Amino acid sequence: MTEFDAPSGVDPFTPSVARMYDYYLGGKDNFAADREAAEKIIEILPNVRDVARENRDFLIRTVTYLSGQGVRQFLDVGAGLPTQRNVHQVAQELAPEARVVYVDNDPIVLTHARALLAQNERVMVVGADMRGTQALLDHPDVRSHLDLSQPVAVLLLGVLHFIPDDDEAMKIVTTLRSILGPGGYLVVSHGSIGELSEDEKREGAQVFSRTSAPGVTSRSVEQVLAFFDGLDLVHPGVVPLQRWRPETHLSIVRSGEAGAVGGVARVS
Ligand SMILES: C[S@@+](CC[C@H](N)C(=O)[O-])C[C@H]1O[C@@H](n2cnc3c(N)ncnc32)[C@H](O)[C@@H]1O
């Protein structure tokens, strides 16, 4: 897209993490500023495109798994720009009655998602910042679209690493978990920048300081595990995304590189 195509309310000159991610995935919903920032990140993290693809594959596998467990309602927080095989497509292919609420704070995500989903009455798009977690949960569209007496899956995929403060990230997860009743699920995937030199870290931080997000904060497997405390972790637990119930056996995990871990847990 060129800057002239920017929908109203969208700033095409400030790189957006949603549009950078779209660029990593080979999408077309990004502007020159996004491509430039994404290319700088690719220089620092050469495998970032692979990590983005692995994250989408994890999304597809986890939604498929949850559908098999009878989950028919999904709250996808930090939904991202529509791409191929979004949550509602995977869920509704398997169970047409599945309902999805997409939440994001990026105006371009909301514009594209609403345009794509205008015809799908079982999908709702809500503009909210997950840092205002209780307000998000109290949003009338969330409350009217989801039946909280039935199982819901809360998806936090590739988004918690945009919250630098550990306590704030935990509070967001705890508040979102509060809507889950028995049979509900929490799904988290979380990025890590791997082992970088101090110069590379500084350069990466500079790129992110100009974007819509405050930066990317790596968290250890133990920290990601803590988001699931008290829930029944589904096998194989919190692992590199390629190792979460892969459909092939080609799961190469290289130490020191950027990557992401994730897991799924059930409320009993
Ligand atoms: C890397 S994309 C991940 C998209 C999708 N969940 C996936 O896994 O493919 C992160 C998304 O989170 C959104 N995001 C970042 N910070 C957010 C916040 N504080 N509240 C809501 N959405 C946020 C961004 O706008 C972006 O669309």
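Above this note sits the structure.
In this text the structure is predicted, and so the values were computed from the model without any measurement.

Participant: What is the right way to look at the overall build of the protein chain in this model?
Facilitator: Broken down by element type, the protein chain carries 10 helices and eight strands. For 268 residues, the compact-globule formula gives about 18 Å, and the C-alpha radius of gyration of the protein chain, at 18 Å, lands near that figure. The C-alpha extent of the protein chain, read off along each of the three principal axes, is 50 × 40 × 35 Å.

Participant: I'm lost on helix α1 (residues 17-24) in this one. Help?
Facilitator: In an α-helix, one full turn covers 3.6 residues, which means residues spaced three or four apart are oriented alike. Counting buried positions along α1 gives eight out of eight residues, so the element sits mostly inside the fold. Inspection of α1 places Val17, Ala18, Arg19, Met20, Tyr21, Asp22, Tyr23 and Tyr24 among the buried residues, and these make up the whole buried set. If you follow the buried residues of α1, they end up packed against α2 (32-44), α3 (48-68), β2 (99-104) and α5 (107-117). Once α1 finishes, Gly26 follows within two positions and takes phi at roughly 85°, a positive value.

Participant: Explanation requested: the environment of Ile179 in the structure shown.
Facilitator: Residue position: Ile179 is located in the loop between α8 (166-177) and β5 (185-192). Residue classification places Ile179 among the partly exposed positions, given that 15 C-beta atoms sit within 10 Å. For the pair formed by Ile179 and Leu225, sequence separation is 46 residues and the distance between their alpha carbons is 19 Å. Apart from residues no more than four positions distant in its own chain, Ile179 is found in contact with Leu137, Leu148 and Val152.

Participant: Looking at this model, I keep getting lost on the site of the ligand. Mind explaining?
Facilitator: Within the structure, the ligand sits among 21 residues, and Ala18, Gly78, Gly80, Asp106 and Leu157 are positioned closest to it. Of all the secondary-structure elements, those providing two or more residues to the shell around the ligand are α1 and α3. Here the shell around the ligand is composed, by residue class, of 11 nonpolar, five polar and five charged.

What counts as what
- Residues numbered from 1 in each chain as written.
- Predicted model: local features only at pLDDT ≥ 70, side-chain atom pairs only at ≥ 80, totals over all residues.
- Helix = DSSP H or I, 4+ residues; strand = E, 2+ residues; numbered from the N terminus.
- Rg over C-alpha atoms; globule rule 2.2 N^0.38 Å.
- Buried ≥ 20, exposed ≤ 12 C-beta atoms within 10 Å, placed from the backbone.
- Contact = placed C-beta atoms within 7 Å.
- Near = placed C-beta within 6 Å.
- Nonpolar A, V, L, I, M, F, W, Y, C, P; charged D, E, K, R; others polar.

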